[in-house]
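For reference, the chains in residue letters:
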There are 2 protein chains.
Amino acid sequence: MDYRDAGVDISAADAAKARIKALAKSTFNPSVLTEIGSFGGMFRPELAQYREPVLVASTDGVGTKIKVAIEAGVHDTIGYDLVAHCVNDILVQGALPLFFLDYVALGRMDPDKVEQIVAGFARACAEFQCPLIGGETAEMPGTYAEDDYDLAGFIVGVVERDQALPRGVQEGDVLVGLPSAGLHTNGYSLARKVLFETLGHRVSTELPELGTTIGRALLAPHRSYLGALEPLLARDKVRALAHITGGGFAGNLPRVLPEGLGALLRRGSWDVPQLFRVIQKGGSVSDEEMARTFNMGIGMVLVVSPSDLHDVEHSLERRAETSFVIGSVVRGAGVSWEE
Amino acid sequence: MDYRDAGVDISAADAAKARIKALAKSTFNPSVLTEIGSFGGMFRPELAQYREPVLVASTDGVGTKIKVAIEAGVHDTIGYDLVAHCVNDILVQGALPLFFLDYVALGRMDPDKVEQIVAGFARACAEFQCPLIGGETAEMPGTYAEDDYDLAGFIVGVVERDQALPRGVQEGDVLVGLPSAGLHTNGYSLARKVLFETLGHRVSTELPELGTTIGRALLAPHRSYLGALEPLLARDKVRALAHITGGGFAGNLPRVLPEGLGALLRRGSWDVPQLFRVIQKGGSVSDEEMARTFNMGIGMVLVVSPSDLHDVEHSLERRAETSFVIGSVVRGAGVSWEE
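So, here's what we can say about the structure.

Basis of the calculations
- Residues numbered from 1 in each chain as written.
- Chains lettered and ligands numbered in written order.
- Predicted model: local features only at pLDDT ≥ 70, side-chain atom pairs only at ≥ 80, totals over all residues.
- Helix = DSSP H or I, 4+ residues; strand = E, 2+ residues; numbered from the N terminus.
- Axes fitted to C-alpha atoms, helices over the stretch in contact; angles between N-to-C directions.
- Parallel < 35°, antiparallel > 145°, perpendicular 65-115°, else oblique.
- Left-handed = near helix turned anticlockwise from the far one by under 90°.
- Contact = placed C-beta atoms within 7 Å.
- Nonpolar A, V, L, I, M, F, W, Y, C, P; charged D, E, K, R; others polar.
- Least-squares fit on C-alpha atoms with pLDDT ≥ 70 in both.
- Buried ≥ 20, exposed ≤ 12 C-beta atoms within 10 Å, placed from the backbone.

### What about unusual backbone geometry?
As a rule of thumb, non-glycine residues mostly have phi less than zero, and peptide bonds are mostly trans rather than cis.
And then number 1: Residue A:Pro166 is reached from A:Leu165 by a cis peptide bond, and omega for that bond is -5°.
And then number 2: We note that B:His184 has phi near 60°; this positive angle belongs to a residue other than glycine.
And then number 3: For B:His184, the position within the fold is in the loop between β6 (174–179) and α5 (188–198).

### Things to note about the packing of helix α5 (residues 188–198) of chain A against helix α9 (residues 274–283) of chain A
Residue and element names in this part refer to chain A.
And then number 1: Between α5 and α9, whose axes approach to 9 Å, the crossing angle comes to 65°. Our classification of the angle between α5 and α9 gives roughly perpendicular. For the pair α5 and α9, the crossing hand works out as left-handed. Note on element contacts: α9 touches α5 through Ile279, Gly282 and Gly283, opposite Ala191, Val194, Leu195 and Thr198.
And then number 2: Split into classes, the residues belonging to the contact of α5 with α9 amount to four nonpolar, three polar and no charged.

### Here we look at the relation of the copies chain A and chain B
And then number 1: Mapping chain A onto chain B is achieved by rotating through 180° and translating by 0.0 Å along the same axis, at an RMSD of 0.0 Å. Both copies of the chain, as the preceding transformation shows, are related through a two-fold rotation axis.
And then number 2: The fraction of interface residues of chain A whose copies in chain B are also interface residues reaches 100%, indicating that both copies meet through the same surface.

### Some remarks on the environment of B:Gly41
Residue and element names in this part refer to chain B.
And then number 1: If you trace the backbone, glycine 41 turns up in strand β1 (residues 41–43).
And then number 2: A tally of 29 C-beta atoms within 10 Å means that glycine 41 is categorised as buried.
And then number 3: Taking C-alpha positions, glycine 41 is 22 Å from proline 111, a pair spaced 70 residues apart along the chain.

Note that every value here comes from positions in space, so none of it alone points to a role or purpose.
Structure below.
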């Protein structure tokens, strides 16, 4: 008996590794000191410009969005989703990315599929200047069904200690929302249940309301707000940022507000994308459940001083970034809504 | 319909988060600037003692060792395995740990189980002074069977650039092996197939050769060699280190040796633990397949100058660390064996 009989193919793993190496290399910058394949990735951070550099690290997965990718046979965007998600997660503390690592676990090692997955990571890592300096690809028959897989991503960034967000949020600050590209990476278990089970759709079903197929609408890549927000962070124009992920507004906005302050959001102040309406109607989901499961069309919320609002809106416009004033910071706690 | 109907229980997730928070906090040191629950963990590294600090990052999983943990209902050691594995992976480049993050994905959110898993992470993080500054716990019904889960770990450490290993390995250098505690985290798919399918054992089966149950033997925690090796690294007594993981000696030793040099290992120069013999005999596995799948009883190999050998052995002895001279560095490539 050998390892292959037990469902683990080391030769396939070696083939996958060679392809990963080339993709990862395309993301490198001069701070990367090693090649993929060493035990650990080596990175010499440029910290001279920082008085007191603080590393900010985060890890995440893409949840069951992967199930949609598998169903649709599209594996080269899900890695992009994960990097964008991780970049946003440290951006909300004011941190800019240094490097990224990925974990890919599959039921069966398929070098083609692994290459597609890692191509997604690499495209995002290149775009966000966040080199892919390491990773693990594990074949785990028994844990994952043959065609199934899971991903985890890990990012490290850096921020000047006294520039870290949130900082100085006050009553009366304005909440500015930036549009999401869809579900991003949250709420897929509910969305899949409604769309595929209750409504009986398939990934290939064209919905006129969506102007595309269910599969394409669900796989729309998670947006990173790094490009839009970096100039504002550099000019100290943002007091706090909330990445609207699992838990929605209620799960993500209050935790960047100081004790004693809450968020008052105005219903109808932004366009809720059709995809959310299709899910809500199809599953008879309450407004509350929608709001704590999905981003409802807002992927990032900026907390901005009223005196900086015009400047912020102008900067976003110049970067072709749509924005909505969606509410304000008020005395209280949590999230409340006004019509 | 709500998120819970779709198999995702946000309340259970919140309960799990509260327990994780307390466990993670027990691993903190003064460099940790945030609490778990922020979007990203913040860490202010003490780098004043380094002339040119290089960050070393690695990610890994524990493979299908998790399947044994699940079968045995023992969830509080598998996180320890993962941290120890990650610590070793950066140690081989000479790096000492700064911080760790974990990714836990489950079929069903079970706060008790999550607490046990994270307790394993926390115990190891405290032992290796490597704070657990962040993580993600994802409930993914459909990807994982109800009682199933997977883990990924991410570590960041630091090394002085000109002290990074490997460095200065020469022909004639001595290979010193440190004993593993068992399979560590590699080869479990093959081991499980032989022990549970071919031989029909269960985790509770007592094997006289092992002096314990199959389950306990298989779950013996991955050893970290940080404590044993840190003093030797500080005194610059090691030229290279190889963590013997997936791929065995052939997959891990050559990659720390310079072009033109290989490893000559002496058969019988260390004790191959009974567990490996049971697997080899039970599955009629060839010597070659055993050696490229398992660590065969050696978890870490030191490459040492002959003139430092006595000093190294003495230092290891003082730390109650067994060691074996298992071979030497020779002209050539890869791994060869002598009787």
